[in-house]
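So you can see what is in the structure, the chains are spelled out below.
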Amino acid sequence: MVSSNGGSSVICEKCPENMSGVTQDGWNCITCPKGLTSEGKCKCLNNEILVERRMDGILLNEALCIHCNGSEQSFSASDASGNRCVRCEQTFINVSKSCDCSSPNILTGGLCFSASESLPPKGVATVRFAQLGITLTSAWFLKNLQSSASACWLYSNLTACQALGNMCVMNMNSLSSSSTDACGLFQYIYVNTARLGIVHSIAFWRHNLPWLYYGDQPGLASQVLEANNFPAIFSFKGTDKDVKLQFIAASFDAAGNFLKWQSVEGGILQLCPDTQTKLNAAYAFGTTYQQNCKIPVSKILSDFANPIFYDLFLEYNGDNGQQYLWAVPVLNLNLQYSEMFVNQGSNMNNWLLTRRFFLVDALSGKENDLGKLPRVIRIASKITVSIRLVSHTQRGTIYPPLITIAYTDVLVQNPETQSVMVSFSVSYEMNQSEAQIQTDITLGVMGGLAVLWSLLKTAGWKRRTGSSIIDLQTVLKFLLFYAGDLANVFFIITVGTGIYWLVFFKAQQFVSVLLPLPSQEEDFVTYIACAFSLKALQFLQLLVSQLTIDIFFIDWERPKGKVLKAVEGEGVIKSAAAPVSIWRTYFIANEWNEIQTVRKINPLFQVLAVLFFLEVVGFSNLALMDSSSSLTRSSESFIAPWSRILRFGVSAALWLAIAFLQIIFFSVFYERFVEDKISQFVDLCCMSNISVFLLSHSCFGYYIHGRSVHGHADTNMEEMNMNLKREAENLCSQRGLLPNTDGQTFQISISRKMRLHYDRIHETLTRKRGPARLLDSSANTFEQSTRAYNTMNKFLNSFIDHVHKEMDYIVKDKLLLERILGMEFMEPIEKSIFYNDEGHSFSDVLYYGNETTLLIFDILFFSIVDLASQSFVLAAILTYLQQEIFRFIRNTLGQKNLASKTLVDERFLI
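Below or above, wherever it landed, is the structure these notes cover.

Thresholds, definitions, all that
Residues numbered from 1 in each chain as written. Predicted model: local features only at pLDDT ≥ 70, side-chain atom pairs only at ≥ 80, totals over all residues. Heavy atoms only, no water. Helix = DSSP H or I, 4+ residues; strand = E, 2+ residues; numbered from the N terminus. Rg over C-alpha atoms; globule rule 2.2 N^0.38 Å. Buried < 20%, exposed > 50% of the residue type's maximum accessible area, 1.4 Å probe, protein only. Contact = heavy atoms within 4.5 Å. Areas by Shrake-Rupley, 256 points an atom, 1.4 Å probe, with all protein chains shown as cover. Lys, Arg positive; Asp, Glu negative; His and termini not counted. Charge placed at Lys NZ, Arg CZ, Asp CG, Glu CD. Salt bridge = Lys/Arg side-chain N within 4 Å of Asp/Glu carboxyl O. Expected span 1.5 Å × (residues − 1). Polar contact = N/O pair within 3.5 Å; in protein donor to acceptor, adjacent residues only side chain to side chain. Pairing = 2+ DSSP bridges. Axes fitted to C-alpha atoms, helices over the stretch in contact; angles between N-to-C directions. Bend = angle between axes of the 7 residues up to and from the residue.

Broken down by element type, the protein carries 21 helices and 33 strands. Here the C-alpha radius of gyration of the protein, 46 Å, is well above what a compact globule of 910 residues would show, namely 29 Å. When its C-alpha atoms are laid out on the principal axes, the protein stretches across 155 × 65 × 50 Å. Counting the 910 residues in the protein, one finds 49% classified as buried. Expressed as a percentage of contacts within the protein between residues at least 6 apart in sequence, the contacts between residues at least 24 apart total 67%. Within the structure as shown, the protein displays about 43,900 Å² of accessible surface, and the carbon and sulfur contribution to it stands at 56%. Distance from the positive charge centre (74 side chains) to the negative charge centre (80 side chains) of the protein: 5 Å.

Pasting the structure below:
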C-alpha cells in the first residue's frame with residue numbers, strides 16, 4: 001500500500017520477488033523466512049512471535065520468528081494474537097513446571113490439570129431444547145464445561161464457578177440424578193464443598209459458587225415466598241422509594257466475568273422497545289404492566305450475540321437508613337426436575353425456585369463453530385413479576401416478589417423471516433378468598449330474601465288474579481318474579497363490589513387492598529351476565545304484561561237535546577237523542593298512546609351524559625389498573641390495562657348518579673314548573689269528561705275518575721273557559737269520586753262477579769276489531785261493535801254510580817303494610833274495593849312507573865357490551881339503539897292493544 005488517507009482511494013504496488021511478504025500494517029514489503037499466510041503476510045510457528053521492526057521502529061529486511069521461552073526462568077508463551085510473549089496460564093506452571101501440558105496431564109479449556117488429582121466427573125457437553133425435542137452438543141460447553149468445573153472444583157476459581165453456573169442456567173437449571181451435564185457438575189461441586197461455608201447467612205449460597213437454587217429439591221417455595229414479609233412498605237402517594245420498586249441486577253457474561261451492578265430501569269429486562277417513560281412505568285408500585293411485541297430473529301441475533309446473566313435484587317432501606325438488597329427468586333417454567341416440569345403447576349409445594357436467569361441465549365445452541373450462527377436460540381418470551389400483598393395489612397406490606405419466566409426455543413432457519421412473540425408484565429395480587437366468602441354470604445342472604453319477596457309477590461299476584469289454586473302458571477309466575485328479584489340481587493352485589501374497589505383502591509395512600517387479577521374477575525363477570533340475563537327476562541315479561549292490559553275509556557257525556565233522524569228502510573223521520581261526539585274519546589286515547597313510553601329520565605341525554613363523562617372528562621381513566629386517580633393521562637405516559645371490575649364500577653356509578661340527578665330535576669323542577677305528563681293526563685280526562693278503566697290483572701287494575709264537575713265537556717270555547725274559571729274560584733264541586741274529595745286515581749280490586757260481567761260484554765266488543773275502513777265496512781259488524789261499546793260504557797257508568805247493588809264497591813285507604821308489600825289483604829268477595837291512590841300508580845302499566853327496571857336493564861346492557869368490546873362508545877351506541885327498538889315495539893304493539901280494547905280505530909292514534 002502506497003497511499004491511503006482513510007477514504008475510498010487507496011494506491012497499492014506489488015512487492016518484489018525477493019521481499020514477497022507484506023508487513024502487518026500493510027505499508028511495507030518484507031522477506032518472510034517461514035512462509036506466508038493466505039493474506040500474504042508472514043507467519044510463524046506455534047509459541048513463536050513475529051518481529052518485523054527493531055526497537056527504534058526501523059523495518060527489518062527479513063522478519064524474525066522468536067521462540068517464547070517456556071522454561072522455569074520465564075514461563076512465557078505467545079499470546080492469542082501471536083504478537084507478544086506472555087506468562088503462560090498458572091495451571092501449566094503448577095502441573096508441569098513449564099508452558100506445556102504433556103501427557104499424562106490433561107489439557108482442557110486452555111487449562112492444564114494433573115492426572116493424579118481428583119477431578120469432577122466427566123461432563124456431558126449437551127444442551128436440551130425440550131420444546132423442539134432436540135439435544136445437541138454445544139461448542140461452548142465442549143470447550144469450557146470440563147475446564148470450568150475442574151477449575152471451580154480444584155482451585156475454587158470464582159470466574160470458573162460463575163461460568164459453570166451460567167452453563168447450568170443455559171440448561172434451564174434442570175436437575176437429574178443420572179446426568180453429569182452442567183447442572184449435574186454444579187450440584188456435585190455444591191454438595192462436596194459444604195466445608196467452605198455460606199454467604200450472608202443464606203443456606204443456599206455456598207462460598208465461591210453462584211447462588212442458583214433455593215434448595216436441591218422442590219418443596220421450599222412456600223417458605224421462601226410466604227414465611228417472611230418484605231422488610232419495607234409501599235404506598236401510592238409518597239417519596240420515590242415508597243412508590244417505586246427499586247430492582248437492582250448483578251450482571252455476568254457467559255465466561256463468568258462480573259460486569260456491573262445496574263438498575264433494571266431503562267428496559268434492561270424488557271425486550272420490547274419503547275420510550276423510557278413507558279419502560280420505567282413497569283416499576284411504579286400498584287401499576288399493572290403489560291408489554292407485548294413481536295421481534296425478528298435477525299434482530300435478536302444481532303442485539304444479543306453474547307448472553308448476559310442476571311441475579312436480581314430488590315433494594316430497600318433498613319431502620320437505620322442503610323440500604324439493603326433482597327434476593328428475588330425466579331420460577332423458571334422450563335426447569336425439569338427428574339424429567340418433570342415441576343414449575344408449571346399451580347401447587348407451590350412442587351416448585352423449585354432458582355436465582356439466575358438470562359434474556360436471550362444464542363451461544364449454547366452453536367454446535368461446531370462458535371463463529372457461526374446458532375442452530376437453536378432460547379428466548380425469555382414471557383417474563384412476569386408478581387407482587388403479592390400481605391393479608392390484612394394496612395401499611396403496604398408485601399411478600400417477597402417472584403419473577404416467573406417462560407423460555408421459547410427457536411430453531412434458526414431463516415432469521416430474516418422468523419419472529420418471536422415476547423411479553424413482559426408486572427402483576428399485583430392479594431388473597432381474595434375472604435372477599436369471595438363475604439360475597440357468597442351476601443349472595444346467599446340476599447338470594448334467600450329474594451325468594452321470600454318473590455313468594456309475597458306471587459301471593460299478591462294470586463290475590464289479584466282471583467285464583468287460589470297453585471298450578472303450573474303460578475310456579476312460572478314465581479320463577480319470573482324470582483328472576484327479576486335475583487337480577488336485582490346480582491346487580492346490587494356487582495355495583496357494590498365495583499364501587500368498593502374503585503373507592504378503596506384508587507383513594508388509598510398506604511396500600512391495604514389490590515385489585516383482583518383478570519382470572520379472579522371471572523366470578524364478577526359471571527354475576528353481571530346472570531344479572532343481565534335475569535333482568536332481560538323480567539323486562540320482557542314486563543313488556544308482555546303492559547301489551548296485554550284491558551283498558552276502556554268511559555264517556556260520561558250525555559246527549560244535548562234531540563234531533564230528527566230518518567229511519568232507514570221505513571221512509572219516515574223520527575226524533576232521537578243528539579249523538580255524543582267521539583272526538584273526546586279519540587283525543588284521550590291519543591294522549592294515552594303518547595304517554596305509554598314516557599320515562600322519568602331522558603334516555604338520550606342519559607346515554608350522552610354518561611359517554612361525555614367517561615370519554616371527554618376522563619372518568620374512564622379511573623378504570624385503569626394503576627395507582628393514579630387522575631382523570632387525565634398524557635400521551636407519553638404508559639396506559640395500564642383495564643380492570644373489568646373498575647370499568648363496571650365507574651360506568652354503573654355514573655349511570656346511577658346521572659339518572660338520580662335527572663329524576664331529581666324532573667320531579668322537583670320540570671314536572672312541577674314545566675310539564676307533568678302523568679298529572680296532566682288525569683286533568684285532561686276530567687276536562688274531557690272521560691274516565692279510564694284499567695285492568696292489569698284479572699281482578700285488579702286502576703281507575704282514573706274523569707267525570708266532569710260541570711256535567712258537560714262537549715261545549716264551545718266560551719263555556720269551557722267559564723267552567724275553568726268557576727272551578728278555579730271553587731264555585732263548583734270537587735273532582736273526586738267521593739263528594740268533597742279530590743281523589744281521582746284509584747287502585748281497584750274487583751269482585752269475581754264484576755269481572756265475569758265485564759268479560760261477557762268485552763267478548764262481544766273484541767270479537768270484531770272494528771271497521772277496517774270507515775267507508776266500506778260491514779254495517780252489521782259496525783252496529784254490533786257500536787252496541788257492544790255502548791253496552792260497556794253504560795255498564796261501567798252504572799257500576800261507578802253504584803247502580804248494581806250485587807256488584808257494588810267501597811272506597812278505602814290502603815294500609816301502610818299493604819302499600820309497602822304491594823298487595824291487598826282484603827279479598828273482594830261481594831263488593832269491589834277502590835283504594836285511594838294519590839301516587840298515580842296507574843303508571844305501573846306504563847314505562848313511567850317501571851323506571852327502576854328500565855334503568856337497571858340499560859345499565860346492564862351497557863356493561864355487557866362494554867365488557868365484551870372494551871369500548872364505552874360502542875356500548876353507548878348499542879344501548880341507545882336498544883332503547884329505541886324496544887320503545888318502538890312498545891309503542892306499536894301498545895297502540896294495537898289500545899285500538900283492540902277500546903274500539904278506537906288505529907288510524908286515529910297518531
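Looking now at the pattern of salt bridges. Tallied over the entire structure, the rule returns 28 salt bridges. Between Asp626 and Lys506 there is a salt bridge; the shortest N-O distance is 3.0 Å. In this pair, Asp626 sits in the loop between helix H13 (603-617) and helix H14 (644-673) while Lys506 sits in helix H10 (residues 472-506), placing the two residues 120 residues apart along the sequence. Among the ionic contacts, a cluster of salt bridges with common partners joins Asp550, Arg755, Asp759 and Lys901.

As a further point, take the environment of Ala130. As for its position among the elements, Ala130 is in the loop between strand E11 (126-129) and strand E12 (134-137). For the pair Ala130 and Gly839, spaced 709 residues apart in the sequence, the C-alpha separation amounts to 75 Å. Leaving out residues up to four positions away in the same chain, Ala130 has contacts with Gln336, Phe341, Arg378 and Asp409.

Another aspect to go through is helix H3 (residues 158-170). Between its terminal C-alpha atoms H3 stretches 18 Å, which fits the 18 Å expected from 13 residues at 1.5 Å a residue. Most of H3 sits out of view: 11 of its 13 residues are buried. Taken residue by residue, H3 has Ala160, Cys161, Gln162, Ala163, Leu164, Gly165, Asn166, Met167, Cys168, Val169 and Met170 as its buried positions. Backbone nitrogen of Thr159 and a side-chain oxygen of the N-cap are separated by 3.1 Å at the start of H3; the cap is Asn157. Count one or two residues on from H3 and you reach Met172, which has phi positive near 65 degrees.

This paragraph deals with the sheet that holds strand E29 (residues 690-695). Pairing is mixed in the open sheet, where 6 strands are placed in the order E26-E29-E30-E31-E33-E32. The open sheet has two edge strands with one neighbour each: strand E26 (550-555) and strand E32 (809-812). Across the sheet, the mean angle from the axis of one strand to that of its neighbour is 20 degrees, orientation sign disregarded. In the sheet, E29 pairs with strand E30 (residues 700-704) via 4 bridges, with the strands oriented antiparallel. Note that in E30 the partner of Val692 across the bridge is Ile704.

This part covers helix H2 (residues 139-155). Look at H2: 24 Å from first C-alpha to last across 17 residues, which is about the 24 Å you get at 1.5 Å a residue. Its maximal kink placed at Leu145, H2 deviates by approximately 35 degrees. Taking burial as the measure, the 17 residues of H2 include 13 buried ones, the bulk of the element. At the N-terminal end of H2, a side-chain oxygen is found 3.3 Å from the backbone nitrogen of Trp140, two or three residues along, and the residue is Ser138.

With that settled, the discussion passes to the pairing of E12. Residue alternation in E12 divides its side chains into a buried set, Ile134 and Leu136, and an unburied set, Thr135 and Thr137. Pairing analysis gives 4 bridges linking E11 to E12, with the strands arranged antiparallel. For Arg128, the partnering residue across the bridge sits in E12 and is Thr135. Connecting the antiparallel pair E11 and E12 is a turn made up of 4 residues, with Gly133 showing a positive phi of about 70 degrees.

So, on to the environment of Ile664. Assignment of secondary structure puts Ile664 in helix H14. Given the relative accessible area of 35%, Ile664 is considered partly exposed. For the pair Ile664 and Ile601, spaced 63 residues apart in the sequence, the C-alpha separation amounts to 9.5 Å.

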